[in-house]
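One letter stands for each residue in the lines below.
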Amino acid sequence: MGIQFIDLKAQRKRLKSQIDAGIQAVMEHGAFIMGPEVREFEKQLAEFGQAKHALGCANGTDALVLSLMALGVGEGDAVFCPSFTYCASAEGIANVGATPVFVDVCADTYNMDVESLKQAIIDINETAGLSPKAIMAVDIFGQAADYRLLSQVAQAEGLKLIADSAQGFGSTIDGNHPLNWADITTTSFFPAKPLGCYGDGGAVLTNDDQICETVDSLRIHGKGEHKYDNVRIGMNSRLDTMQAAILLPKLSVFADEIEKRNAVAQKYHNALHNQVERVPTVLEGGISTWAQYTIEVSDWLRLATQLKEKGIPTARYYPNPVHGQSAYKHFPVVSSGLPQTEACLDKIISLPMHPYLEEDVQNQIIEAVIEAVN
Ligand SMILES: *Cc1c(COP(=O)(O)O)cnc(C)c1O
């Protein structure tokens, strides 16, 4: 088999017996919905993420919707988010009836730019019919946004702060997870994410008892104390017991996998920082989960083509940011525009990245990149 962009089979080899035993156990006990593995996984996930509570749900997009609902975000509310993200960030906001307001990102980290955010808040304060309600930062490519700065703005402006950590769950700044600053962290267990399951899954993490209780109710049809007295309009959004059983062994090696990903990233950095226009910048004190290793080159198509000829896959995230997509074009963009979001579009390209990338394979990739850019 050729070189994989994300090699899920290598991880499967490592965890096969544990995962298969976990699946078997669920099939035998039969508690497919909210079974014991879900509770156990939630407990361990909360511990890993330095959170008081973790609640599984059906996917990372629902995790955002449940969070926004629990915070009471709805019609007439503006939620600030980057355009340089997967569409689901803005989709969650629009799905609760609120308005996503697109903010620019920093040139070096691709994460939300705090000056652009401040301008967007001024803009919305001057817009009739909309009031600022929340900030949705995205931990793009695996790196935590600069929550130290974002939380200061959230506090000063009385806004809620959500960390969309679908790509960056496990990332830290000075040893702290995003939840140290955010009201809620969400994540996704889509198979290709750093912590992925064998299907769809997601989670909401919070330190707030009230938010936890509300999300727990919302994910099970707005359940109340009694099974047949639902107290709010909710959703059907649970993490399958089977997926929790798959995630338990995966979580047990996740810290080790993050270390391995960082070793791969370091090797790319050492070999490429003098060769390409830009290699990823990590915040001082920050640890990324490296969902993607994204570089910038002057001619991405040439690089992609030459690598493909050598059997090396690449990918591009995100050539068409959300504000340019058909369903999202009518939503507001910060008045200062999105210069950094747009500046990188013709340059970005992501290289194979996963914890099990072997040294000789990575050497081949590095050599091919250097050849293509010179
Ligand atoms: C993958 C992703 C999501 C959505 O997760 P799903 O589990 O696919 O619904 C949300 N936000 C970001 C930034 C993502 O990368």
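Residues numbered from 1 in each chain as written. Predicted model: local features only at pLDDT ≥ 70, side-chain atom pairs only at ≥ 80, totals over all residues. Heavy atoms only, no water.

Participant: Go over the pattern of salt bridges with me, naming the residues and quoting the values.
Facilitator: Applying the stated criterion across every chain, the model contains 17 salt bridges. Salt-bridge contacts for Asp-20 lead to Lys-16; the nearest nitrogen and oxygen are separated by 3.1 Å. With Asp-20 and Lys-16 both in helix H1 (residues 8-29) and four residues apart, the pair spans about one turn of that helix. Taking the relative accessible area as the measure of exposure, Asp-20 reaches 27% and is therefore partly exposed. The class of Lys-16 is partly exposed, set by a relative accessible area of 42%. Among the salt bridges present, the one from Glu-42 reaches Arg-39, with a minimum N-O distance of 3.8 Å. (Salt bridge = Lys/Arg side-chain N within 4 Å of Asp/Glu carboxyl O. Helix = DSSP H or I, 4+ residues; strand = E, 2+ residues; numbered from the N terminus. Buried < 20%, exposed > 50% of the residue type's maximum accessible area, 1.4 Å probe, protein only.)

Participant: Give a detailed account of the packing of helix H5 (residues 114-125) against helix H6 (residues 147-157), specifying residues and quantitative values.
Facilitator: Describing two packed helices takes the angle between their axes plus the distance from one axis to the other. At their nearest, the axes of H5 and H6 sit 10 Å apart, and the two run at 20° to each other. Comparing the axis directions of H5 and H6 gives the class roughly parallel. As H5 packs across H6, the resulting crossing turns out to be right-handed. Between H5 and H6, the residues in contact are Val-114, Leu-117, Lys-118, Ile-121 and Asn-125 and Leu-149, Leu-150, Val-153 and Glu-157, respectively. Residues of the contact of H5 with H6, tallied by class, amount to six nonpolar, one polar and two charged. (Axes fitted to C-alpha atoms, helices over the stretch in contact; angles between N-to-C directions. Parallel < 35°, antiparallel > 145°, perpendicular 65-115°, else oblique. Left-handed = near helix turned anticlockwise from the far one by under 90°. Contact = heavy atoms within 4.5 Å. Nonpolar A, V, L, I, M, F, W, Y, C, P; charged D, E, K, R; others polar.)

Participant: An account of the environment of Leu-71 is needed here, citing residue identities and associated values.
Facilitator: Mapped onto the secondary structure, Leu-71 falls in the loop between helix H3 (60-70) and strand E2 (77-82). With 65 residues separating them along the chain, Leu-71 and Ile-6 place their C-alpha atoms 35 Å apart.

Participant: Quick one: what's the story with the state of the cysteines, residue by residue and with numbers?
Facilitator: A full pass over the atoms with the stated rule returns zero disulfides. There is no disulfide at Cys-87, and the cysteine sulfur nearest it, in Cys-81, is 11 Å away. Unpaired in terms of disulfides, Cys-106 finds its nearest cysteine sulfur in Cys-344, a separation of 12 Å. (Disulfide = S-S within 2.5 Å.)

Participant: Explain the pairing of strand E10 (residues 293-296) to me, and be specific about the residues and the numbers.
Facilitator: Because side chains alternate across E10, one face comprises the buried residues Tyr-293 and Ile-295, and the other comprises Thr-294 and Glu-296, equally buried. Where E10 lies against strand E11 (residues 348-351), four bridges are found, and the strand directions are antiparallel. Directly across from Glu-296, in E11, lies its bridge partner Ile-348. (Pairing = 2+ DSSP bridges.)

Participant: Let's hear about helix H12 (residues 359-373): which residues, and what values?
Facilitator: An ideal rise of 1.5 Å per residue puts 21 Å on 15 residues; H12 measures up with 21 Å between its terminal C-alpha atoms. Every buried residue of H12 is listed here: Val-361, Gln-362, Ile-365, Ile-366, Ala-368, Val-369 and Ala-372. Down the axis of H12, the smallest arc covering the buried residues is 165°, so these residues share one side. Away from its buried face by more than 90 degrees, H12 exposes Glu-359, Glu-367 and Glu-371. Tucked inside the fold, the buried residues of H12 contact helix H9 (254-272), E10, helix H10 (300-309) and E11. (Expected span 1.5 Å × (residues − 1). Arc of directions from axis to C-beta.)

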